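# Observations on the model geometry
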Amino acid sequence: MRSAPPIDAFTLRRRPPQEKLIDIGFRQLTLVLAASVGIVLLAIFLTVFTGAREAMATFGFRFLTTSAWDPVNEQYGALIAIYGTLVTAILSLLIAVPIGLGTAIFITEDLLPRRLRDLIGLLVELLAAIPSVVLGLWAIFVMEPAIRPFLSLLHTTLGWTPFFATAPQGPGTAPAILILVVMVLPIITAISRDALNQVPIELRQGAYGVGTTRWGAIFNVILPAAVSSIMGGVMLSLGRAMGETMAVTMIIGNSLNFSVSLLAPGNTIASMLANQFGEADGIQVSALMYAAVVLMILTFVVNVLAQWIVRRLSLRY
């Protein structure tokens, strides 16, 4: 029989002072780097808020409920931009989430040959690498002329509704929604793919072991197990869609006239800032800063909501 190891074999070695100093220094460095993120975020918000105080004092909450944007008479309201920001972001997600999630399922669940799955995954990653200005040019010269007959058909068929009452004549809210779909699709697909790949193999085997079908395992076992991470990716994509600037600016039309029609030109907060900030002066600069504060609050609310949804779903599943 083997003899028991001596008690000294389990004695912790004495760490030299150099190692302790390295650990303390590393901990302090990570603390400084983590705190710097919050400091930079706070500095950005204070800078924008300071610049917006004049407009806040002048227009108050009326700035959020009026659509007039008249630099000549110094009357400003961000209702058009707020409406356009929310509509384009939410509708783009309603289209992109089923496509992105379906693509992720086909990539991860062996529903296609491996080479084809790898090719689709590579194309999705390459789509995320295309600059937004290039996507904007593609939207102007390729996408918008291609979808105009379909938009005209929607106007002819559903023109009696206020959402399709305007005849499409070029840039508008609908093309901006579709270009946002293209931009957020890689984010949703990539995060959903990673979430599905992290589901333990035992759950799949257990589902098949009790006699469920492939689609039954996907919808009843795999997706519920990954839903918290998928929802986090969806909310991250919502924040990206709300803050996208260049591509949306090039295709949305940048109209200052309020219209609920998806076929009419529209505006967003980000595109309004990109178009007007370079030439603004006086209280118009403060009004644009006020709009930027509104956009920051909207994105903050989205992030808080994302954290809450992820935690609730994590506890449930």
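Figured I'd write up the structure that's included with this text. (Residues numbered from 1 in each chain as written. Predicted model: local features only at pLDDT ≥ 70, side-chain atom pairs only at ≥ 80, totals over all residues. Heavy atoms only, no water.)

To continue, consider empty space enclosed by the protein. The full count for this structure, using the stated rule, is 2 cavities of 30 Å³ or more. A volume near 90 Å³ is recorded for the largest cavity. Around the largest cavity, the lining is made up of 13 residues, and of these Tyr83, Thr173, Ser259, Gly266 and Asn267 lie nearest the centre. Ranked by the residues each element gives to the lining of the largest cavity, the list is headed by helix α3 (residues 79-108), at 4 residues. For the lining of the largest cavity, the residue count by class is 6 nonpolar, 7 polar and no charged. Within this model, the second largest cavity holds a volume of roughly 50 Å³. Contributing to the lining of the second largest cavity are Ser67, Trp69, Gly77, Ile80, Ala81, Ser255, Leu256, Asn267 and Met272. Class assignment for the residues of the lining of the second largest cavity results in 5 nonpolar, 4 polar and no charged. (1 Å grid on protein atoms, 1.4 Å probe; cavity = no way out; pocket = protein on both sides within 12 Å on 5 of 7 lines; lining within 4 Å. Points joined across faces, edges and corners; volume = space filled by probe spheres on them. Helix = DSSP H or I, 4+ residues; strand = E, 2+ residues; numbered from the N terminus. Nonpolar A, V, L, I, M, F, W, Y, C, P; charged D, E, K, R; others polar.)

Moving on: the nonpolar core. Membership of the largest hydrophobic core comes to 47 residues, with the highest contact counts inside it found for Ile179, Leu196, Leu223, Ile230 and Leu238. Those elements that provide at least two residues to this core are α3, α5 (132-158), α6 (173-197), α8 (214-243), α9 (246-251) and α11 (283-316). When residues of this core are assigned to their parent elements, the largest contribution, 12 residues, is made by α6. If sequence neighbours within four positions are ignored, Leu196 has contacts with Ala104, Ile105, Thr108, Arg204, Ile222, Leu223, Ala226 and Ile230. Core analysis: the next-biggest nonpolar cluster, separate from the first, contains 24 residues, Met272, Ala280, Met289 and Ala291 among them. (Core = buried A, V, L, I, M, F, W, Y, C linked by side-chain atoms within 4.5 Å. Buried < 20%, exposed > 50% of the residue type's maximum accessible area, 1.4 Å probe, protein only. Contact = heavy atoms within 4.5 Å.)

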